Amino acid sequence: MNRQYNLTTNEKIVLIDLGKQGNLSPTELAQMSGLKVETVAQSAFMLQEKGLADVSEQIIESYNLTSEGDEYARCGLPERQMISAMSGPTSLEELKEKVSPKIVGIATGWVRRKGWANIEQGSVIPSGKAEVGNDEKALASLRSGKVALDQLGVDNTIIQDLIKRKLVVRNEEKLRSIVLTSAGKELVLEGITIEEEVTQITSEMLKSGEWKEKNFRSYNIHTPPRAVYAAKVHPYQRLIDQMRQIFLEMGFTEIKGDIVQSSFWNFDALFQPQDHPAREMQDTFHLKETSELPEEYKDKVCAMHEHGGDLASKGWGGKWSEDIACKNVLRTHTTAVTIKYLADNPKPPIKAFSIDRAYRRETIDPTHTPEFEQLEGVVMDKDMTFAHLLGLLSEFYHRMGFKDVRFRPGYFPYTEPSVEPEVYVEGLGWVELGGAGVFRKEVTHPLGINYPVLAWGLGVSRLAMLKLELKDLRELYQSDIDWLRKTPSPRL
Ligand SMILES: N[C@@H](Cc1ccccc1)C(=O)O
């Protein structure tokens, strides 16, 4: 393969010039080639990418005088000016006239510090020694313009002092130098041919047939393209969509409900006793506002809680309080949404689901967040049984890609029997993923629901963690751009 095929004319020019001289800066190359410095630099970087040249960068420090520094480089430092103006002890007043008040102001401290003189009772008494210091030598060298530190021949501390005195400033310059790699050298030895090349075909060329004689610039199909991070749906959202899709395909209707619910719908309608620990302040976000209790159900729910209503149930006993039931909360589970939906739609068959947020007062840690998603669902129909429930949930998890599903006995105040579905994950073992069961008569009867109801509330974020192999739930909610880029969107 001709190794020159993927070189632009400019790159070839730079290569040839580099072949003439080992190590060149972009400026030197620009001078040699007649190209612009930027063009040379760009070509050099391209050659570097192609493994033909190396571009190295060096930071060069240099120093130069400030305008005050320049003045002292010409007329001497203030302390030098002052010392030269006197032959013996001289009063400060006299000196101010001889040199200038400004110079004397600066110089007095320095003559003392340098041991050139002492100040006593307003007089300067020279010590007789006032050798030319390194700072003065440095100033003199700097008169010629910008100088690198090693050319100054003085200690860095001297320069630092001059910088502190605001007489010298430090400059930094990036120096690029370009050399051929061995591959580059080889190529130059082979001989580089520069031909005029066409990068774009025009309609004129086509019409005239001129294109046949043209030398076209070829594409380098071997260069790996730069990664393009296209916009995409968040991986978590994708998984949620996938779960939604599965239930839609199984003939379910998606429902939505309010985030703020009365305790009545969140707890009481679900036959959760009013002294249930889940209802405590530390577990639930309680709100100031209250809701009207639904007239058609409240007495029946009350009777069910207090003594089992007209069922052969004992209820929970004690007094059921409307004041507690009407208090609003942020829904602690989406079961509040499905139970209300069933009460509003008591005619079978019903197959409904909801994927939405629930809120609990959790301390945030790798496996808990106060807001999280649940996949809630209900099936109500004449002959629904517990076996249908297990089959349905197994089907859902299978479609989500989990081969092994099992159910452990569970407990919820509103279902009997109750189970906790678990899936098997290599490396983790059995992972619990929520709750399910058949609603108790104590739940359905007061609401006028007369058929068996299969119900479940599954952890969505937990499932997403497993699918996305995350160790920390919080990553689902943080927009870590690297993670988002790297994580493929799960396929629907
Ligand atoms: N609401 C329960 C899950 C559940 C829903 C429906 C029936 C049984 C259990 C929870 O949040 O954990």
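For the protein chain, an unreviewed UniProt entry supplies the name Phenylalanine--tRNA ligase alpha subunit and the organism Methanomethylovorans hollandica. Quoted verbatim from the Sequence similarities (unreviewed entry) heading of the UniProt record, the comment on the protein chain is "Belongs to the class-II aminoacyl-tRNA synthetase family. Phe-tRNA synthetase alpha subunit type 2 subfamily." According to the UniProt record, the Subcellular location (unreviewed entry) comment for the protein chain reads "Cytoplasm".

A. Looking closely at the packing of aromatic side chains. Counting across every chain of the model gives 15 aromatic pairs. Each ring, one from Phe-264 and one from Trp-320, has its centre 6.4 Å from the other, and the planes form 75°; the classification is edge-to-face. Of this pair, Phe-264 sits in helix α14 (residues 263-266) while Trp-320 sits in the loop between α15 (295-307) and α16 (322-325), and the two are 56 residues apart along the sequence. The two residues Phe-264 and Trp-320 agree in class, both being buried. In this structure an aromatic cluster arises from ring pairing among Phe-247, Phe-252, Phe-353, Phe-396, Tyr-397, Phe-402 and Trp-456. When the ring centre of Trp-110 is taken as origin, the NZ or CZ atom of Arg-113, which lies over that ring, is 4.2 Å away.

B. Just a negative patch on the surface, in detail. Together, Asp-275, Glu-280, Asp-283 and Glu-362 make up a negatively charged patch on the protein surface. Positionally, Asp-283 belongs in the loop between α14 and β9 (286-290).

C. Representation of helix α1 (residues 9-20) in the model. When the terminal C-alpha atoms of α1 are compared, their 17 Å separation across 12 residues agrees well with the 16 Å that a helix rising 1.5 Å per residue should span. Looking at the packing, one finds that the buried side of α1 touches α2 (26-33), α3 (37-49), β1 (53-65), β6 (168-180) and α11 (182-190).

D. Spotlight on the sheet that holds strand β2 (residues 90-91). Spatially, the 3 strands line up as an open sheet ordered β2-β4-β3, and their pairing is antiparallel. Because the sheet does not close on itself, it has two edges, and the strands there are β2 and β3 (117-120).

E. Inspection of the nonpolar core at higher detail. Among the nonpolar cores identified, the biggest contains 41 residues, and Met-243, Phe-247, Leu-375, Phe-396, Tyr-397 and Trp-456 are the most heavily contacted of them. Contacts of Leu-375, omitting those with residues within four sequence positions, involve Met-243, Phe-247, Phe-353, Ser-354, Ile-355, Phe-396, Trp-456, Gly-457, Leu-458 and Val-460. Ranked by size, the runner-up nonpolar core spans 30 residues in total, among them Cys-326, Val-337, Ile-350 and Val-378.

F. Region of interest: the sheet that holds β1. Pairing is antiparallel across the open sheet formed by 3 strands, whose spatial order is β5-β1-β6. Two strands close off the open sheet at either side, each with one partner strand: β5 (147-148) and β6. Sheet strands touched by helix α8 (residues 134-142): β1, β5 and β6. Its angle to β1, the strand with the most contacts, is close to 115°.

G. Seen up close, the site of the ligand. Of all residues adjacent to the ligand, which total 13 residues, the nearest are His-333, Thr-335, Arg-360, Gln-374 and Tyr-414. The separation between a nitrogen atom of the ligand and a polar side-chain atom of Thr-335 is 2.9 Å. Separating an oxygen atom of the ligand from a side-chain N or O atom of Arg-360 is a distance of 2.9 Å. For the ligand, the accessible surface in isolation is 320 Å², of which the surrounding protein chains cover 92%. Breaking the shell around the ligand down by element, the ones donating at least two residues are β12 (371-380), β16 (434-439) and β17 (453-459).

H. Layout of the side chain of Gln-261. Relative to the helices and strands, Gln-261 resides in strand β8 (residues 260-262). The class for Gln-261 is buried, based on a relative accessible area of 6%. There is a polar contact of 2.8 Å between the side chain of Gln-261 and the backbone oxygen of Asp-258. If we ignore the near neighbours within four places in the chain, the residues touching Gln-261 are Asn-266, Lys-327, Asn-328, Val-329, Arg-331, Ala-336 and Val-337.

Thresholds, definitions, all that
- Residues numbered from 1 in each chain as written.
- Predicted model: local features only at pLDDT ≥ 70, side-chain atom pairs only at ≥ 80, totals over all residues.
- Heavy atoms only, no water.
- UniProt positions renumbered as here; feature names shortened; annotations may be inferred.
- Phe/Tyr/Trp six-rings, centres within 6.5 Å; stacked < 30°, edge-to-face > 60°.
- Helix = DSSP H or I, 4+ residues; strand = E, 2+ residues; numbered from the N terminus.
- Buried < 20%, exposed > 50% of the residue type's maximum accessible area, 1.4 Å probe, protein only.
- Lys NZ or Arg CZ within 6 Å of the ring centre and 35° of its normal.
- Patch = residues over 30% accessible without salt bridge, like charges linked within 9 Å, V, L, I, M, F, W, Y side chains within 5 Å.
- Areas by Shrake-Rupley, 256 points an atom, 1.4 Å probe, with all protein chains shown as cover.
- Salt bridge = Lys/Arg side-chain N within 4 Å of Asp/Glu carboxyl O.
- Lys, Arg positive; Asp, Glu negative; His and termini not counted.
- Charge placed at Lys NZ, Arg CZ, Asp CG, Glu CD.
- Expected span 1.5 Å × (residues − 1).
- Contact = heavy atoms within 4.5 Å.
- Pairing = 2+ DSSP bridges.
- Core = buried A, V, L, I, M, F, W, Y, C linked by side-chain atoms within 4.5 Å.
- Axes fitted to C-alpha atoms, helices over the stretch in contact; angles between N-to-C directions.
- Near = heavy atom within 4 Å.
- Polar contact = N/O pair within 3.5 Å; in protein donor to acceptor, adjacent residues only side chain to side chain.

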